[in-house]
Number of protein chains: 4
Amino acid sequence: MMIIMATEATSEQIASVVSRVEAEGLKAHLVFGEERTVLGVVGDIRHVNREQFLRMKGVAGIVPISRPYKLTSREFIPHDSEFPVDGVTIGGSELLIIAGPCSVEDRSQLLETAHAVREAGARALRGGAYKPRTSPYAFQGLGEEGLELLAEAREQTGLPIVTEVMAPELVPLVARYADVLQIGARNMQNYALLHAAGESQKPVLLKRGMSSTIEEFLMAAEYILSHGNRRVILCERGIRTFETATRNTTDINAIPVLKAMTHLPVILDPSHSTGNSDYVPAIARAAVAAGADGLIVEVHNDPDSALSDGVQSLRPERFAELVGQIRTIATAVGRSVPAPRPLPEGFVAGALAAKPAA
Amino acid sequence: MMIIMATEATSEQIASVVSRVEAEGLKAHLVFGEERTVLGVVGDIRHVNREQFLRMKGVAGIVPISRPYKLTSREFIPHDSEFPVDGVTIGGSELLIIAGPCSVEDRSQLLETAHAVREAGARALRGGAYKPRTSPYAFQGLGEEGLELLAEAREQTGLPIVTEVMAPELVPLVARYADVLQIGARNMQNYALLHAAGESQKPVLLKRGMSSTIEEFLMAAEYILSHGNRRVILCERGIRTFETATRNTTDINAIPVLKAMTHLPVILDPSHSTGNSDYVPAIARAAVAAGADGLIVEVHNDPDSALSDGVQSLRPERFAELVGQIRTIATAVGRSVPAPRPLPEGFVAGALAAKPAA
Amino acid sequence: MMIIMATEATSEQIASVVSRVEAEGLKAHLVFGEERTVLGVVGDIRHVNREQFLRMKGVAGIVPISRPYKLTSREFIPHDSEFPVDGVTIGGSELLIIAGPCSVEDRSQLLETAHAVREAGARALRGGAYKPRTSPYAFQGLGEEGLELLAEAREQTGLPIVTEVMAPELVPLVARYADVLQIGARNMQNYALLHAAGESQKPVLLKRGMSSTIEEFLMAAEYILSHGNRRVILCERGIRTFETATRNTTDINAIPVLKAMTHLPVILDPSHSTGNSDYVPAIARAAVAAGADGLIVEVHNDPDSALSDGVQSLRPERFAELVGQIRTIATAVGRSVPAPRPLPEGFVAGALAAKPAA
Amino acid sequence: MMIIMATEATSEQIASVVSRVEAEGLKAHLVFGEERTVLGVVGDIRHVNREQFLRMKGVAGIVPISRPYKLTSREFIPHDSEFPVDGVTIGGSELLIIAGPCSVEDRSQLLETAHAVREAGARALRGGAYKPRTSPYAFQGLGEEGLELLAEAREQTGLPIVTEVMAPELVPLVARYADVLQIGARNMQNYALLHAAGESQKPVLLKRGMSSTIEEFLMAAEYILSHGNRRVILCERGIRTFETATRNTTDINAIPVLKAMTHLPVILDPSHSTGNSDYVPAIARAAVAAGADGLIVEVHNDPDSALSDGVQSLRPERFAELVGQIRTIATAVGRSVPAPRPLPEGFVAGALAAKPAA
């Protein structure tokens, strides 16, 4: 921490700041500049209240030098974190493509879409059973019934499930069905939920809040890691800016910045970051070119009749075409897109009509 | 809802949109412009999925005409909502000034501050027992012990208590102690919490999310009102912008805009909206001049040693001076600041050292 | 300037940075922290290229300590700058209220409005002869004819004229007619124009760019002051944020922040900062309550037929009512609104129909 | 244009709006909804003052239906605009890569860099002779001497020159040397400059203002096109948001959005949009993957000693590596990067030391 004195600070004021620094068990190194004096404070300041110095007479400002997060930082773990989820590796040289509908609406919608995205090359299935909605009058999701349908889709396709959990008390229930717990953008600083997700020891897909800085994003991840749960996937999903031509502004810079600052895998959600299926393929390609470890894309077998986010959902055939383009781009950045995951034994592609062995 | 057709839309495409509108039980009125055709859609569209139209060929856009919130709107209730909280009226001609420390730290800090703000003219006491903190390593509040201290402060000063609740499962506990439940900016779209606060039937002070639009703010209030709980106070607390000279940017425009759009009382938090006690008095005065129904201000008996937000807390004497200025400004806008609330029987001003009748 | 070394910086890298600092004729003071080393650099760094250090191996960042502006800063001139413009004092205890139409449209519109704002208490007249318009197809102003009408309005009412200049080559022409040159928000960083305005030695009303930080605003003023022209009035006019309920977001915090950082007078333009005449009075009052030295308000004798900005223009009677409210608020902050400026000899109030002595 | 009546509008008020619409020679179609009435206004409203309606009693709002720009829109010219600049085609299937130093500093710096970028595959040379600088005390460029050096670099390498012009009166001078006039972000709404650039009939590279919407960006281009000059290249260079981890936020969404809305070529400047050479390659790749028609990249032969923007400049070898990656990505989107442009007769690669034939 550096304490910057005002240009007009007196030597008594400086001495008084030095005394308080020492009273905290720290050391102060003085640098006398032409315009002002600066104190370099050395020692373990983790539990020191920095604000007390800001209130002292003659102090103009404080510059923190250490980063506020630790477990999340690349200085703590210099190599990329890599971990398996139900046979799929996350954070390695293979890109992780997650796809599926915004909401789980019914059995045939979910199973049709799940089979289609598996065939196109997706490695995990997304789908919301609990939906955060701006309006209390909008469709709020199927709840546990949706979770059961997701489990059936996993059984049929072999794809691990990524689904959102919105309240701490729902973590145990959702964790019983899901392979990856998703924490949505609106809940990025819902600390009770972050604690519960950390304690669950399940992999967590954490979305960036729409007006959260990258540093706050890493601090939110730190909450989860502080419970010993290191399997966190960071997801850029667009930030809020003055521009209204798209639903959000994709912060593509966040991809290389996050890769430089943290060891955790970083993916991008082009569906929410644009809000328009016309722009999703361009931004999905951009994310991979920028170094993302994966994508989470909304795909719907019939976007026109979707109960939510139909406008930003790709049709399965457009998604398959996109995966092909990404396969080429991946080679330019030393990554690859694996071949489609094989179906579980006893299931055939697209055979969603019949419940197996019912 | 207006459906805007593309300039190149064919008459078949227009006919197809009209058919679907009618299939939903609605009526379409066509307006043929020089450049394009527009459909005015009439009927109850509350449960119609508007996005289906956006996906149709030839459709360029949709313009919603109705507002998405209802119970919150001034069109629904044209007069100002006014309600009592423990003898203090909110939303009337008298301004509601809430003051107190950011966090409850210990008994003497809380009681000293509570007595001081009462004497200066505050009508309610704020203080956090549960604190949302960006860092998992920062002070997280005293929890229930803090709630007990708040109850004691109410007993001594007669001031009703405003305190934050951060998770739905804590609502019953906090509601046992608090007179007004505060929902913080980070939780403005924590829907589980909004539901729980709505069901509690307690007055709620709802803070605007730091990157929430005014419309989203009203939608969040609508969640609470939809449970039949109409005692909601809206609180502007600064939004996030590119400017870094202050912690947040006070959206002073939000005061007259909210007063025009909703019947709910609107207050401002100059402490968080500036993040700097040097600027708090100016912005507090501005809020009242702009038509706010009240203020919530951080005051600390010893800001230099505060465990949180010391930099933005006023000393009691500076707060008292501010209340004096506000008293003058209030007259320019037809409002008033009442005299200090009398002490409960058996208590004397500033007599915080001894627990009464213990 | 502080140079922050990376945690993993080697002692060779630190030594190499120290050498380069010394090669620039500066001194480096080393502070060895637990996590990293910081160098305090002392000496005159005004002409040193700081970026060279950022590129050196082992350097994590640079923290500037000095402010980049000088003539504009309150550290340079500790008292408020105060200067007269044609008999009206700016920056003193009396508030400066500037009012008038967005654009000069015709003689009767301008003269009617000018007389009305003088009677209500305005001390200067605004009106645009050259208009910056987003669309090349919109009304671009009357040009020199507009300037002549403004001169006539000054002759009739005694009010000094504030009008915008949009290009450096127009500065001499506009300066012949205007008492104060206005530089608009879009031109805040039009450096050729800032230089020309500085050289003109005319008082300048400089508007903040809609996405400029307060520091950039002060740097733009520094351009003007660096030509020896210290008569600069800073004008907050709203910034661009994600909120769309109003045309801009009034940065009310900028008022106390600017007053703390600079000695120059600071005024607010509630017309552009809200874009809606319904909200103008509230924000005008707020500005004065927050400590502004004045206001610039759009007033139009017939807003319904205005060629530009009619929606945000006040009618004269609403403006007069506002001046009354401001008179009360001013007393709460130790300021005052003077009585209307007397008419020049030979003119009578509202006598606009006849050209005098024609 | 749609005129939205308030829910409480009376039938007299509606009739009065209809009368005024008809007085303007337009037709009003009424749509009576359950909540409110909407008027569809038909006719040529280009020269109608829309605001007059907003001021009428009972009117709640106005929704423009037509886009405010015309010549720039894809509805006006449905195919991609493509034009040659000194033998280099812009807007076709080949990507246009522009590279060079931020500022022209001296002969050897410019020529070394020019030869290096040509060899790596750049098709045009950038370099600033006139520099917009936030501080009046910073290096402001070499002026005409810089233009002469750029002309020599073109002679030696065959690369056309892109350089910034900052004031309307400098357009003729800069146009004598430059092949493409660059208008910087700070000047995007400097209308006098846009007019002068339009009249010059030179190709113009127009940078997006850092807080300009995409619509305002297209309106600024419309100013240039309205002078009959259609050779405009649009350049996204990052927007200002709350995020401070990078200098600007690259609005990557703007690439597909602009390609959908306009026929003009769209390029991206990853140097300014990130402000950090570590992130430039990732964002350059992303832009091409998203469908950009080209890039403008800062390259410096010795970034450590650059007089401006050294931190965001690539070294030539890093730039060459980037061009290789882009060549692969281009194939995924049906584009290509041509082989290096051959040297003009009589020049040899890297032979910058000797002035030829001097």
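Just so you know, these numbers come straight off a predicted model, no measurement behind them.

**As for the overall build of chain A**
Okay, step 1: Summing up its helical and strand segments, chain A has 11 helices and 14 strands in all.
Okay, step 2: With respect to the principal axes defined by its C-alpha atoms, chain A has extents near 85 × 40 × 40 Å.
Okay, step 3: Residues classed as buried in chain A amount to 66% of the 358 residues present.
Okay, step 4: Here the contacts in chain A between residues at least 6 apart in sequence split such that 69% fall between residues at least 24 apart.
Okay, step 5: When the accessible surface of chain A is split by element, carbon and sulfur atoms take 49% of a total near 11800 Å².
Okay, step 6: Averaging the locations of the 35 positively and 42 negatively charged side chains of chain A gives two centres separated by 2 Å.

**Some remarks on the pattern of salt bridges**
Okay, step 1: Tallying each qualifying case throughout the model produces 52 salt bridges over all chains.
Okay, step 2: Close ionic contact of Glu236 of chain C with Arg208 of chain C constitutes a salt bridge, the shortest N to O distance being 2.7 Å. Taken together, the residues span a long stretch of sequence, with Glu236 of chain C in strand S12 (residues 232–236) and Arg208 of chain C in the loop between strand S11 (204–207) and helix H7 (214–225) at a distance of 28 residues.
Okay, step 3: Shared partners join several salt bridges into a network, and the residues in it are Arg74, Asp80, Lys259, Asp293 and Arg335 of chain A.

**With respect to the relation of the copies chain C and chain A**
Between the two chain copies there is a screw-like relation: a rotation about an axis and a shift along it.
Okay, step 1: You can overlay chain C on chain A at an RMSD of 0.0 Å; the transform is a turn of 180 degrees with a shift of 0.0 Å along its axis. What the superposition gives is, in effect, a two-fold axis relating one chain to the other. The position closest to the rotation axis in chain C is occupied by the C-alpha of Phe242 of chain C, lying 2.1 Å away.
Okay, step 2: Both copies share a contact surface, since 100% of the interface residues of chain C are interface residues in chain A too.

**Quick look at the sheet that holds S12 of chain C**
Residues and elements named next belong to chain C.
Okay, step 1: Here 8 strands make up a closed barrel; going around it, the order is S7-S8-S9-S10-S11-S12-S13-S14 and the pairing parallel. Averaged over all neighbouring strand pairs, the angle between strand axes comes to 25 degrees, with direction disregarded.
Okay, step 2: Direction of pairing for strand S8 (residues 124–126) relative to strand S9 (residues 161–164): parallel, over a ladder of 2 bridges. Within S9, the position partnered with Leu125 by the bridge is Ile161.
Okay, step 3: Those strands touched by H7 are strand S10 (180–183), S11 and S12, and its axis lies near 160 degrees from that of S12.

**Looking at helix H3 (residues 107–120) of chain A**
All names here are of chain A.
Okay, step 1: Spanning 14 residues, H3 covers 20 Å between terminal C-alpha atoms, matching the ideal 20 Å at 1.5 Å per step.
Okay, step 2: Among the residues making up H3, those that are buried are Gln109, Leu110, Leu111, Thr113, Ala114, His115, Val117, Arg118 and Ala120.
Okay, step 3: On the buried face of H3, the contacting elements are strand S7 (96–100), strand S8 (124–126), helix H4 (144–157) and helix H11 (316–332).
Okay, step 4: Capping the start of H3 is the job of one residue whose side-chain oxygen sits 3.2 Å from the backbone nitrogen of Ser108: Asp106.
Okay, step 5: Gly121 occupies a position one or two residues after H3 and carries a positive phi of about 125 degrees.

**Topic: unusual backbone geometry**
As a rule of thumb, non-glycine residues mostly have phi less than zero, and peptide bonds are mostly trans rather than cis.
Okay, step 1: The phi torsion at Asp86 of chain B lies on the positive side, around 50 degrees, for a residue other than glycine.
Okay, step 2: Among the structural elements, Asp86 of chain B can be located in the loop between strand S5 (83–85) and strand S6 (88–90).

**What to know about the relation of the copies chain A and chain B**
Okay, step 1: Overlaying chain A on chain B yields an RMSD of 0.0 Å, the required transformation being a rotation through 180 degrees with an accompanying axial translation of 0.0 Å.
Okay, step 2: The share of interface residues of chain A whose copies in chain B are also at the interface is 100%, consistent with both copies meeting through the same surface.

**Section: the environment of Pro281 of chain A**
Residues and elements named next belong to chain A.
Okay, step 1: Along the chain, Pro281 falls in helix H10 (residues 280–289).
Okay, step 2: As a C-alpha pair, Pro281 and Asp251 span 30 residues in sequence and 16 Å in three-dimensional space.
Okay, step 3: Residues within four places of Pro281 in sequence aside, it is in contact with Leu314, Arg318 and Leu322.

**Concerning the interface of chain A and chain B**
Okay, step 1: At the interface, 49 residues of chain A touch 49 residues of chain B.
Okay, step 2: Counting the surface lost from both chain A and chain B, the interface buries some 3900 Å², and carbon and sulfur atoms represent 48% of this.
Okay, step 3: Counting the contacts that link chain A with chain B gives 2 salt bridges.
Okay, step 4: In this structure, the salt-bridge partner of Arg240 of chain B is Glu216 of chain A, at a minimum N-O distance of 2.6 Å.

**Description of the environment of Ile233 of chain D**
Okay, step 1: Within the fold, Ile233 of chain D resides in strand S12 (residues 232–236).
Okay, step 2: Not counting residues within four places of it along the chain, the set of residues in contact with Ile233 of chain D comprises Phe83, Ile90, Leu96, Val204, Leu205, Leu206, Pro265 and Ile267 of chain D.

**Here we look at the packing of aromatic side chains**
Residues and elements named next belong to chain A.
Okay, step 1: One pass over the full model with this rule turns up 4 aromatic pairs over all chains.
Okay, step 2: Aromatic side chains Tyr191 and Tyr223 sit 4.5 Å apart centroid to centroid with 20 degrees between the ring planes, which places their arrangement in the stacked category. Here Tyr223 lies in helix H7 (residues 214–225) and Tyr191 lies in helix H6 (residues 191–200), a separation of 32 residues in the sequence.
Okay, step 3: Using a relative accessible area of 0% as the deciding quantity, one classes Tyr223 as buried.

**A closer look at the sheet that holds strand S3 (residues 37–42) of chain B**
Residues and elements named next belong to chain B.
Okay, step 1: Strand order in this open sheet of 4 strands is S2-S3-S1-S4, and the pairing throughout is antiparallel. The outermost strands of the open sheet, each flanked by one partner alone, are strand S2 (27–32) and strand S4 (59–63). Mean inter-strand twist for the sheet, computed between neighbouring axes without regard to direction, equals 20 degrees.
Okay, step 2: Two strands pair when backbone bridges link them, and strand S1 (residues 2–5) and S4 are joined in this way by 4 bridges, in the antiparallel orientation. Bridging across to S4, Ile4 finds its partner in Gly61.

**Thoughts on the environment of Ile97 of chain A**
Residue and element names in this part refer to chain A.
Okay, step 1: By the element assignment, Ile97 lies in strand S7.
Okay, step 2: The spatial distance from the C-alpha of Ile97 to the C-alpha of Val333 is 16 Å, given a sequence separation of 236 residues.
Okay, step 3: Discounting chain neighbours no more than four positions away, the residues touching Ile97 are Gly121, Ala122, Arg123, Ala124, Leu295, Phe319, Val323 and Val337.

**Some words on the interface of chain C and chain A**
Frequently, the measure chosen for interface size is the accessible area that the parts lose on association.
Okay, step 1: Contacts between chain C and chain A engage 24 residues on the former and 24 residues on the latter.
Okay, step 2: Buried surface at the junction of chain C and chain A, both sides included, amounts to about 1900 Å², of which 66% is carbon and sulfur.
Okay, step 3: The interface formed by chain C and chain A contains 0 salt bridges.
Okay, step 4: Where chain C packs against chain A, one counts 0 residue pairs in polar contact (both at pLDDT 80 or more).
Okay, step 5: Elements with a contribution of two residues or more to the side of chain C that touches chain A: strand S1 (2–5), strand S2 (27–32) and strand S3 (37–42) of chain C.
Okay, step 6: Counted by class, the side of chain C that touches chain A contains 9 nonpolar, 8 polar and 7 charged residues.

**Remarks on the pairing of S11 of chain C**
Residue and element names in this part refer to chain C.
Okay, step 1: The two faces of S11 match: Val204 and Leu206 on one face and Leu205 and Lys207 on the other face are all buried.
Okay, step 2: Note that S10 and S11 share 3 bridges and pair parallel. Each residue of the ladder has a partner; that of Ile183, found in S11, is Leu206.
Okay, step 3: Once you follow S10 into helix H6 (residues 191–200) and on to S11, the crossover reads as right-handed.

**Some remarks on the confidence of the model for chain A**
Okay, step 1: In the predicted model, chain A carries a mean pLDDT of 90, and the fraction of residues at 70 or more is 96%.
Okay, step 2: Model confidence for the complex is summarised by a pTM of 0.88, with the ipTM given as 0.89.

**Details of the side chain of Gln109 of chain A**
Okay, step 1: When you line up the elements, Gln109 of chain A lands in helix H3.
Okay, step 2: Discounting residues that sit within four places of it in the chain, Gln109 of chain A has contacts with Pro101, Ser103, Val104, His300 and Asn301 of chain A.

**What to know about H7 of chain A**
It helps to recall that an α-helix has 3.6 residues per turn; residues three or four apart then point in one direction.
Residues and elements named next belong to chain A.
Okay, step 1: The end-to-end C-alpha separation of H7 is 16 Å, in line with the 16 Å expected for 12 residues at 1.5 Å each.
Okay, step 2: Across the 12 residues that make up H7, a large majority, 11, are buried.
Okay, step 3: When H7 is considered as a whole, its buried residues turn out to be Ile214, Glu216, Phe217, Leu218, Met219, Ala220, Ala221, Glu222, Tyr223, Ile224 and Leu225.
Okay, step 4: At its buried positions, H7 is contacted by strand S10 (180–183), H6, strand S11 (204–207), strand S12 (232–236) and helix H8 (254–261).

**Some details on the packing of helix H3 (residues 107–120) of chain D against helix H11 (residues 316–332) of chain D**
Residues and elements named next belong to chain D.
Okay, step 1: Orientation of H3 relative to H11, taken along the N-to-C sense of each, is 20 degrees, at an axis distance of 9 Å. On the basis of the axis angle, H3 is roughly parallel to H11. Crossing hand, H3 versus H11: right-handed. Between H3, through Ala116, Val117 and Ala120, and H11, the contact on the second element is made entirely by Pro316, Phe319, Ala320 and Val323.

Rules used in this analysis
Residues numbered from 1 in each chain as written. Chains lettered and ligands numbered in written order. Predicted model: local features only at pLDDT ≥ 70, side-chain atom pairs only at ≥ 80, totals over all residues. Heavy atoms only, no water. Helix = DSSP H or I, 4+ residues; strand = E, 2+ residues; numbered from the N terminus. Buried < 20%, exposed > 50% of the residue type's maximum accessible area, 1.4 Å probe, protein only. Contact = heavy atoms within 4.5 Å. Areas by Shrake-Rupley, 256 points an atom, 1.4 Å probe, with all protein chains shown as cover. Lys, Arg positive; Asp, Glu negative; His and termini not counted. Charge placed at Lys NZ, Arg CZ, Asp CG, Glu CD. Salt bridge = Lys/Arg side-chain N within 4 Å of Asp/Glu carboxyl O. Least-squares fit on C-alpha atoms with pLDDT ≥ 70 in both. Pairing = 2+ DSSP bridges. Axes fitted to C-alpha atoms, helices over the stretch in contact; angles between N-to-C directions. Expected span 1.5 Å × (residues − 1). Polar contact = N/O pair within 3.5 Å; in protein donor to acceptor, adjacent residues only side chain to side chain. Buried area = accessible area lost by both parts, 1.4 Å probe. Phe/Tyr/Trp six-rings, centres within 6.5 Å; stacked < 30°, edge-to-face > 60°. Nonpolar A, V, L, I, M, F, W, Y, C, P; charged D, E, K, R; others polar. Right-handed = clockwise from strand over helix to strand, strands pointing away. pLDDT = per-residue confidence, 0-100. Parallel < 35°, antiparallel > 145°, perpendicular 65-115°, else oblique. Left-handed = near helix turned anticlockwise from the far one by under 90°.

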